[in-house]
Amino acid sequence: ENFDQPNRTVHSLQIDGSLVERVHLAGSQFSSVVCKDARLIGCDLANLRAHRISLLRVELIDCRLMGLSSAALEWREVLIRNSDLRFAQLESAKF
């Protein structure tokens, strides 16, 4: 909750079975992002770039996702509510 680390370069991010609120990772770069059984509320992930993003049973509520970019994307059972996905670049996406 309330984690503010924008514009970071990190190898991987894994969230499993968690409630994540008001996390600011805008402009960050990851090799891999894996989220499973998670709820993200009010998070700023704008312009986040990751080679691979995998979401399984994830809720993105009131999140800023503008400009999100991924070369390999796999989303299963994902709910996006009141979130901004404009300008997202989702290559090779599987929904």
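Scroll up to find the structure this text is about.
So, here is what we can say about the structure in this document. Residue indices follow the written sequence of each chain, beginning from 1 at its first position. Under the rules for a predicted model, residues below a pLDDT of 70 receive no local features and side-chain atom pairs below 80 are neither given nor counted, while totals for whole chains, interfaces and linings still include all residues. In computing side-chain properties, one takes all heavy atoms of the structure into account and sets aside hydrogens as well as water.

1. Some points on the packing of aromatic side chains
Consideration 1: Note on aromatic contacts: the rings of Phe and Tyr and the six-membered ring of Trp form a pair at centre separations within 6.5 Å, being stacked when their planes are under 30 degrees apart, edge-to-face when over 60 apart, and tilted otherwise. Per the stated rule, a full pass over the model turns up 1 aromatic pair.
Consideration 2: Ring plane angle 85° and centroid distance 5.7 Å describe the contact between Trp75 and Phe95, whose orientation is recorded as edge-to-face. In this pair, Trp75 is assigned in strand β5 (residues 69–81) and Phe95 in the segment after β7 (93–94), connecting sequence segments 20 residues apart.
Consideration 3: Relative accessibility thresholds used throughout: buried, under 20% of the residue-type maximum; exposed, over 50%; partly exposed, between the two (1.4 Å probe, protein chains only). Residue Trp75 is classed as buried on the basis of its relative accessible area, which comes to 5%. A run of H or I in DSSP becomes a helix once it reaches four residues, and a run of E becomes a strand once it reaches two; helices and strands are each numbered from the N terminus.

2. Overview of the environment of Val23
Consideration 1: Examined against the element boundaries, Val23 turns out to sit in the loop between β2 (19–21) and β3 (29–41).
Consideration 2: On the basis of relative accessible area, Val23 is assigned to the buried category, the value being 10%.
Consideration 3: On a C-alpha basis, the gap between Val23 and Leu40 in space is 8.4 Å, while along the polypeptide they are 17 residues apart.
Consideration 4: When near neighbours in sequence (up to four residues on either side) are disregarded, Val23 contacts Phe3, Gly42, Cys43 and Asp44. Contact between two residues is taken to exist if any of their heavy atoms lie within 4.5 Å; hydrogens are not considered.

3. Describing the pairing of β5
Consideration 1: With 11 bridges connecting them, strand β4 (residues 49–61) and β5 associate as parallel partners. Bridging from a neighbouring strand, Glu59 pairs with Leu79 of β5.
Consideration 2: Pairing between strands is defined by DSSP: at least two bridges between them are needed. Where β5 lies against strand β6 (residues 89–90), 2 bridges are found, and the strand directions are parallel. Within the sheet, the bridge partner assigned to Ser69 lies in β6 and is Gln89.
Consideration 3: Pairing analysis gives 2 bridges linking β5 to β7, with the strands arranged parallel. Looking at β7, one finds that Glu74 is bridged to Lys94.

4. With respect to the side chain of Ser70
Consideration 1: Along the polypeptide, Ser70 turns up in strand β5.
Consideration 2: We define a polar contact as two N or O atoms separated by no more than 3.5 Å, with the added condition that, inside protein, one atom must be a possible hydrogen donor and the other a possible acceptor, whereas residues neighbouring each other in sequence contribute only through side-chain atom pairs. Among the polar contacts listed, one links the side chain of Ser70 to the backbone oxygen of Ala72, at a separation of 3.0 Å.
Consideration 3: Setting aside residues no more than four positions away along its own chain, Ser70 makes contact with Ala50, His51, Arg52, Ile53, Gln89, Leu90 and Glu91.

Functional significance is not addressed by these values, which are geometric in nature.
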